[in-house]
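# Coordinate analysis (summary)
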Amino acid sequence: MRRIVFIAVVLLTALQTNAQDLSYYLPTDVTYDPAIPKPKDIIFHEVGEWHVTHDRLVNYMKAVAAAAPGRIKLETMGFTYEQRPQLLLIITSPKNQQRLEEIRQQHLLLSDPARSASVNIDNMPIVVWIGHSIHGNEPSGANAALLSAYYLAAAQGKQIDELLDNVVILFDPSFNPDGLQRFSTWANQHKSKNLVTDPNSREFNEVWPGGRFNHYWFDLNRDWLPSVHVESQHRLEWFHKWKPNILTDHHEQGSNATFFFQPGVPARVNPLTPEKNQELTNKLAKFHAKALDKIGSLYFTKENYDDFYYGKGSTYPDINGAIGILFEQASSRGHAQETANGILRFPFTIKNQFVTALSTLEGAKELRKEFLTWQRDFYSNTLKEAAAAPVQGYVFGDANDKNKTALFVSMLLRQQVAVYKPKNDITVNGKIFKADDAFVVPMQQTQNKVLRTIFEKTLNYKDSIFYDITAWTLPLAFGLPYSELSAVQFNNNLLGQKVTGDDAINSNVYGGKSNYGYLLQWSDLLAPAALYELQQNDILTKVATEQFEIPVSTGNKNFNPGTILITVNNQSIDADKLFALISDVAKKYHLSFYALQTGNAVSGIDMGSRKVAALIKPSIAMITGPGVNATDAGEVWHLLDQRMNIPATHLEPSIFNRADLSRYNTLIMVGGNYNELNKEKLKAWVSNGGNLIFLEEAVQWAAQNGINSVTLKKLKSPVDSAKRTPYGDQEEIDGAQQMSGAIFAADADLTHPLAFGYNDKTVSFFKANRVYMERSKNPYATPFYYKENPLQSGWLSKENSDAIKNSAAVIVNVVGSGRIINIDNNPNFRAFWLGGSKLMMNAILFWKNN
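Thresholds applied
Residues numbered from 1 in each chain as written. Predicted model: local features only at pLDDT ≥ 70, side-chain atom pairs only at ≥ 80, totals over all residues. Heavy atoms only, no water. Buried < 20%, exposed > 50% of the residue type's maximum accessible area, 1.4 Å probe, protein only. Helix = DSSP H or I, 4+ residues; strand = E, 2+ residues; numbered from the N terminus. Pairing = 2+ DSSP bridges. Salt bridge = Lys/Arg side-chain N within 4 Å of Asp/Glu carboxyl O. 1 Å grid on protein atoms, 1.4 Å probe; cavity = no way out; pocket = protein on both sides within 12 Å on 5 of 7 lines; lining within 4 Å. Points joined across faces, edges and corners; volume = space filled by probe spheres on them. Nonpolar A, V, L, I, M, F, W, Y, C, P; charged D, E, K, R; others polar. Axes fitted to C-alpha atoms, helices over the stretch in contact; angles between N-to-C directions. Parallel < 35°, antiparallel > 145°, perpendicular 65-115°, else oblique. Left-handed = near helix turned anticlockwise from the far one by under 90°. Contact = heavy atoms within 4.5 Å. Phe/Tyr/Trp six-rings, centres within 6.5 Å; stacked < 30°, edge-to-face > 60°. Lys NZ or Arg CZ within 6 Å of the ring centre and 35° of its normal.

This part covers the pairing of strand 12 (residues 391-396). In terms of burial, strand 12 is a largely internal element, six of the six residues being buried. Judged from the five bridges that link them, strand 12 and strand 17 (residues 482-486) form a sheet pairing that is antiparallel. By the bridge assignment, Gly393 is partnered in strand 17 with Leu485. Bridge analysis of strand 12 against strand 16 (residues 439-442) gives four bridges, and the strand direction is antiparallel. Its bridge partner being in strand 16, Tyr394 is matched across the sheet by Val441.

This is how it looks when you write it as structure tokens:
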């Protein structure tokens, strides 16, 4: 009887705490070094009993590294926006640790075709990057990192010794520290002693924006290629410092799924990925299947997930001589949740991630020479393909926007691309690239495939369903002038000095101190930041709405619409302090100002013209919260906060409904649903002189609620409703209608204030929605529109193609004394769509001039 009672108590306790000791996870046929602390010794709970917070995860990694210095070297790659450390544990055998730098240097030779043939790989360790939980609310990966670190530090015997002799492990316990901290706090604070498994419970339903994202609400698993964010930049530095052969990316998926590992859908592999990559992925998959079969876990492959967009962690390695492996574990989201497969417990999700981390290492050890050989072959084959390609180089650069050009060059350098200054001016198809402002990248270099995915356009696809975006041509995204260089147009004599770091951008106040005024051209990316800083210092500013030519210290100079005028008179500070302020702003933002000695233009408008209009400092609010697309909102936040140094209030709908809106003159609404918003209050605010900016689906919401004056196009159905269509075709037909994301050319009215600063009538926009606006009946109110064939790169169904033809990209509505600016695309997409930044900032700063 006592035995029965004891067993009942044990079972009840297990149900209450969800606790599993290490024996549940670890291989049983292994002995462990007692000198290595177990996770519970440092984090104060069993693995899976609670969600590990990032600070405790860091504490354990530091403790285990300190206890096993022979096997583990601890590095700090950098710090997140919230100043959390990004740790990297380099784990290998003691003898490898003693010659770690030598191993790294030898390994890098495999990616150098000029020297790789002579490299002996017989005893060379393979390099494997194990990465966890880039989405903070997919925590089983980061929690499994506790187990993997313990196992790799403490396990003893021939098997672990052989593994560590043959493998150098780059162990990244948390790809997204800020998101992990946010989610773990949520899950832990809602855990009950008696675990609640009802999916409707608060534990499983995070408040907006959730823990998936980084500090600025970005999906870091889309940032490997553009590398906008500090987390990605720190990680890429170490990725290329080692150039691993395999990188694992441990994720979670819907709770009713099982476990996925690659390969993904065969038809959705990017054509730049070699077939050998998929062959090796399949070979490695056999190790995962065997490991999961052993513990009785269900899994699937070749479904749902693809290898197309190279900005993802599991795909980025594929163009860098490595193999990326995606793992997707069904998510418990909390500690235990009811699913279609029964109650899914957090420890079980962790165990699957741990087991597949070990199966990856086992596969890497067994296939070591094949992976090393493949890395060497990848780079030598890449150079051979490059030599035979019709495009032998690219030239790019914007003389009018040196900051944006510099950011593009920095992105290329982070990707290990060789960039050069041209020796002389280059003319391609009538387009002149001045040597001082241009850069050249030759295609015959080891990063050829990275270059191709950055520069090439794509219009032909094997499949019509995509997990992520279908196009990302980065010069178009940045809005940079660029041209291909064919074999006839390119030769190495074009190449001047190699760019080795960020080139300093000259700043100047031409003409020095003025007693009349200063001019700032509007074409540079950071001109809005400079304008706002002046306004923050209570400097009166104006904008020229027409072109003019006027004498400056360098001679007569043309200035385009959008030029900012700062007069000396009527300011709150004297001429000396104004000059000092402008000099500081010029230096801070790498810009040039021009001192004026007269307001009398040689041609065009004079400085006292009514067409030089006074500006008001923006006071910005953005609607955030439930129903709002968090990544879209994060992109606006990042643009304003990180690039432009402009603060913006984040208003939840409930706060908006009771707030005094008179303190804001600009309100931004990104894609989302705003049904909780007081619509009458919104209408009254804009009518009383507010500036209301709608982006993407918010345009549709506003049209449906009678807030804007936009007419939306109706899309044609891809099927005939009068005829029967096979049920099995539904997924393919419906999937093809989705706008996963493509690039479109819009025609710009360069005289319109929303187009100030653009120098080319063709502007590339990114569109990932099915919102299509009819052009305004007001002939002056459609400053950007799509022509007959606007698609520049990406997948587009016939129905969507028909809808976007001759539609409006931007429409301005006048409502009372206010303005509504409707933008059908995402001008801020993933913070690398810098070609749209000017439109966004013009909408914020020049709305009174529309």
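Let us keep going from here.
For the structure on display, the rule yields 37 salt bridges. With a shortest N-O distance of 3.4 Å, Glu102 and Arg99 are connected by a salt bridge. Glu102 gets classed as partly exposed once you look at its relative accessible area, which sits at 44%. Residue classification places Arg99 among the partly exposed residues on the basis of a relative accessible area of 32%. The residue Lys283 makes a salt bridge to Glu370 at a minimum N-O spacing of 2.6 Å. Placement of the pair is Lys283 in helix 10 (residues 275-295) and Glu370 in helix 12 (residues 368-388), with a sequence separation of 87 residues. Overall, Lys283 belongs to the partly exposed group, its relative accessible area being 29%. Salt bridges here are not isolated pairs; linked through shared partners, they connect Glu138, Arg212, Asp219, Arg222, Asp468 and Arg830.

We now examine the environment of Phe832. Considering the arrangement of structural elements, one finds Phe832 in the loop between strand 36 (818-823) and helix 24 (837-845). Once the C-alpha coordinates of Phe832 and Gly430 are considered, the two residues, 402 residues apart in sequence, prove to be 28 Å apart.

A few words now on empty space enclosed by the protein. A complete count under the given rule lists two cavities of 30 Å³ or more for this structure. Surrounding the largest cavity, Glu635, His638, Leu639, Arg643, Pro827, Asn828, Ala831, Trp833, Leu834 and Ser837 form its lining. When residues in the lining of the largest cavity are grouped by element, the largest group, four residues, is from helix 18 (residues 630-643). Across the lining of the largest cavity, the residue classes break down as five nonpolar, three polar and two charged. In this structure, the second largest cavity encloses a volume near 40 Å³. Lining the second largest cavity, in full, are His54, Leu57, Val58, Pro85, Gln86, Leu87, Asp172, Pro173, Ser174 and Pro177. Elements with a minimum of two residues in the lining of the second largest cavity: helix 3 (54-67) and strand 3 (85-91). Here the residues of the lining of the second largest cavity sort into six nonpolar, three polar and one charged.

Further remarks concern the sheet that holds strand 22 (residues 548-552). Here we have three strands laid out as an open sheet, ordered 23-22-26, and antiparallel in their pairing. The sheet is open, and its two edges are formed by strand 23 (555-559) and strand 26 (603-604), each paired on a single side. Pairing analysis gives two bridges linking strand 22 to strand 26, with the strands arranged antiparallel. The partner of Glu549 across the bridge, within strand 26, is Ser603.

Bringing the packing of helix 16 (residues 527-536) against helix 24 into the picture now. The interhelical angle for the contact between helix 16 and helix 24, taken along N-to-C directions, is 25 degrees, at an axis separation of 11 Å. Here helix 16 is positioned roughly parallel relative to helix 24, judged by the angle of their axes. Crossing of helix 16 against helix 24: the hand is left-handed. Counting all contacts with helix 16, which are made through Pro528, Leu531 and Gln535, the residues of helix 24 involved are Lys838, Met841 and Leu845. Class assignment of the residues belonging to the contact of helix 16 with helix 24 gives a composition of four nonpolar, one polar and one charged.

This next bit is on the sheet that holds strand 2 (residues 72-79). Taking strand neighbours across the sheet as the criterion, the seven strands line up as 2-3-6-4-7-9-8 in an open arrangement whose pairing is mixed. Looking at strand neighbours, the two that pair on one side only are strand 2 and strand 8 (259-261), the edges of this open sheet. Averaged over all pairs of adjacent strands, the angle between their axes in this sheet comes to 20 degrees, without regard to strand direction. Bridge count between strand 3 and strand 6 (residues 167-172): three bridges; the pairing is antiparallel. Its bridge partner being in strand 6, Ile91 is matched across the sheet by Ile169. Contacting strand 3, strand 4 (126-132) and strand 6, helix 7 (residues 158-166) runs over the sheet at an angle of about 85 degrees to strand 6.

Okay, the environment of Tyr25 next. Mapped onto the fold, Tyr25 is located in the loop between helix 1 (2-17) and strand 1 (31-32). Each C-alpha atom, one on Tyr25 and one on Gln156, is 16 Å from the other, the two residues being 131 residues apart in sequence. The contacts of Tyr25, once residues within four sequence positions are left out, are Gln20, Val47, Gly48, Leu147, Pro347, Ile350, Lys351 and Phe354.

Turning to unusual backbone geometry, a few remarks are in order. Note: most residues except glycine have negative phi, and most peptide bonds are trans. That bond from Trp208 to Pro209 is cis: its omega, 5 degrees, falls within 30 degrees of zero. For Pro209, the position within the fold is in the loop between helix 8 (177-189) and helix 9 (230-242). Of note, the bond from Gln262 into Pro263 is cis; its omega dihedral lies within 30 degrees of zero at 25 degrees. Its location among the elements puts Pro263 in the loop between strand 8 and helix 10.

Once that is clear, we can look at the packing of aromatic side chains. Counting across every chain of the model gives 43 aromatic pairs. With 6.4 Å between their ring centres and 70 degrees between their planes, Phe829 and Trp833 make a pair best called edge-to-face. Here Phe832 and Trp833 contribute two aromatic rings whose centre-to-centre distance is 6.0 Å and whose plane-to-plane angle is 45 degrees, an arrangement assigned as tilted. Of the two residues examined, Phe832 and Trp833, each falls in the buried class. By way of ring pairs, the aromatic residues Tyr394, Phe396, Phe408, Phe439, Phe455, Phe478 and Tyr482 are connected into one cluster. Positioned above the aromatic ring of Trp238 is the side chain of Lys241, whose terminal nitrogen or guanidinium carbon lies 3.9 Å from the ring centre.

Within the secondary structure layout, Ser174 lies in the loop between strand 6 and helix 8. Assessed through its relative accessible area of 2%, Ser174 is described here as buried.

Moving on to the layout of surface pockets. One number sums up the size of the largest pocket: a volume of about 1,000 Å³. Around the largest pocket sit 40 residues that line it, and Lys402, Asn403, Ile505, Asn506 and His590 are the ones nearest its centre. Of all the secondary structure elements, the ones that give two or more residues to the lining of the largest pocket are helix 13 (402-414), strand 19 (508-510), helix 17 (575-589), strand 25 (592-596) and helix 18. Partitioning the lining of the largest pocket into residue classes produces 15 nonpolar, 13 polar and 12 charged.

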